[in-house]
Amino acid sequence: MSRILSTHVLDATDGTPAAGMHVRLLSPEGDVIASAATDADGRIAEIAPEGLIAATYSLVFDTGEYFAARGQETFYPEVCVTFVLDDPQRGYHVPLLLSPFAYSTYRGS
């Protein structure tokens, strides 16, 4: 089982945390195995509280709903970040830097 899977979403539009964004964790088969919303700091400290085994997973960020609530148009109604969890004993952090028309991600620590 993995120790932790966390995420952090920053809104590059105004340089603030993306609070209240809904995020789903998908299994390798595409089933929703967890969901949560980012806190006031744009973070989800643990989206898989029961841990994960080594496999390929996806985090799906509901960017369309987030920007619509702010009255902003967006090109991406959702962002899906697929990643390989290869060491279940290690913590994983998958952040997202977001604007209405661009995004980036990386393997955090």
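What counts, and at which threshold
- Residues numbered from 1 in each chain as written.
- Predicted model: local features only at pLDDT ≥ 70, side-chain atom pairs only at ≥ 80, totals over all residues.
- Heavy atoms only, no water.
- UniProt positions renumbered as here; feature names shortened; annotations may be inferred.
- Helix = DSSP H or I, 4+ residues; strand = E, 2+ residues; numbered from the N terminus.
- Rg over C-alpha atoms; globule rule 2.2 N^0.38 Å.
- Buried < 20%, exposed > 50% of the residue type's maximum accessible area, 1.4 Å probe, protein only.
- Contact = heavy atoms within 4.5 Å.
- Areas by Shrake-Rupley, 256 points an atom, 1.4 Å probe, with all protein chains shown as cover.
- Lys, Arg positive; Asp, Glu negative; His and termini not counted.
- Charge placed at Lys NZ, Arg CZ, Asp CG, Glu CD.
- Polar contact = N/O pair within 3.5 Å; in protein donor to acceptor, adjacent residues only side chain to side chain.
- Pairing = 2+ DSSP bridges.
- Axes fitted to C-alpha atoms, helices over the stretch in contact; angles between N-to-C directions.

Going by the annotation in an unreviewed UniProt entry, the name recorded for the chain is 5-hydroxyisourate hydrolase, with Rhodococcus wratislaviensis NBRC 100605 given as the source organism. What the UniProt record of the chain gives under Subunit (unreviewed entry) is the line "Homotetramer." In the Function (unreviewed entry) part of its UniProt record, the chain is described as follows: "Catalyzes the hydrolysis of 5-hydroxyisourate (HIU) to 2-oxo-4-hydroxy-4-carboxy-5-ureidoimidazoline (OHCU)."

1. Examining the overall build of the chain
Across its full length, the chain carries 1 helix and 10 strands. For the chain, the N- to C-terminal ordering of α and β elements is β-β-β-β-β-β-α-β-β-β-β. At 13 Å, the chain has a C-alpha radius of gyration in line with the 13 Å of a compact globule built from 109 residues. Expressed as a percentage of its 109 residues, the buried residues of the chain come to 42%. In the chain, once contacts between residues fewer than 6 apart in sequence are set aside, the share between residues at least 24 apart is 61%. Summed over its atoms, the accessible surface of the chain is roughly 5,800 Å², and 54% of this surface lies on carbon and sulfur atoms. Averaging the coordinates of the 6 positive side-chain charges in the chain and doing the same for the 14 negative ones gives two points 8 Å apart.

2. Concerning the side chain of Ser99
Take Ser99: it is sitting in strand S9 (residues 96-99). The class for Ser99 is buried, based on a relative accessible area of 18%. Filtering out sequence-adjacent residues up to four positions away, Ser99 remains in contact with Ala12, Thr13 and Phe67.

3. Re the UniProt feature "binding site: substrate" (unreviewed entry) in the chain
Here the UniProt feature "binding site: substrate" (unreviewed entry) sits at His8, Arg43 and Tyr106. When you line up the elements, His8 lands in strand S1 (residues 4-11). Classification of His8 by relative accessible area gives buried; the value is 11%. Leaving out residues up to four positions away in the same chain, His8 has contacts with Asp41, Gly42, Arg43, His93, Val94, Pro95 and Leu96. At a separation of 3.0 Å, a polar atom in the side chain of His8 contacts the main-chain carbonyl oxygen of Asp41. Position of Arg43 among the secondary structure elements: in strand S5 (residues 43-44).

4. A few points about the sheet that holds strand S3 (residues 22-26)
An order of S4-S3-S6-S7 is seen for the 4 strands of this open sheet, with the pairing classed as antiparallel. Strand pairing shows two members of the sheet lacking a second neighbour, strand S4 (32-37) and strand S7 (79-85), which therefore form its edges. Going from strand to strand, the sheet's axes swing by 20° on average, the running direction of each strand aside. Where S3 and S4 come together, 5 bridges link them in antiparallel fashion.

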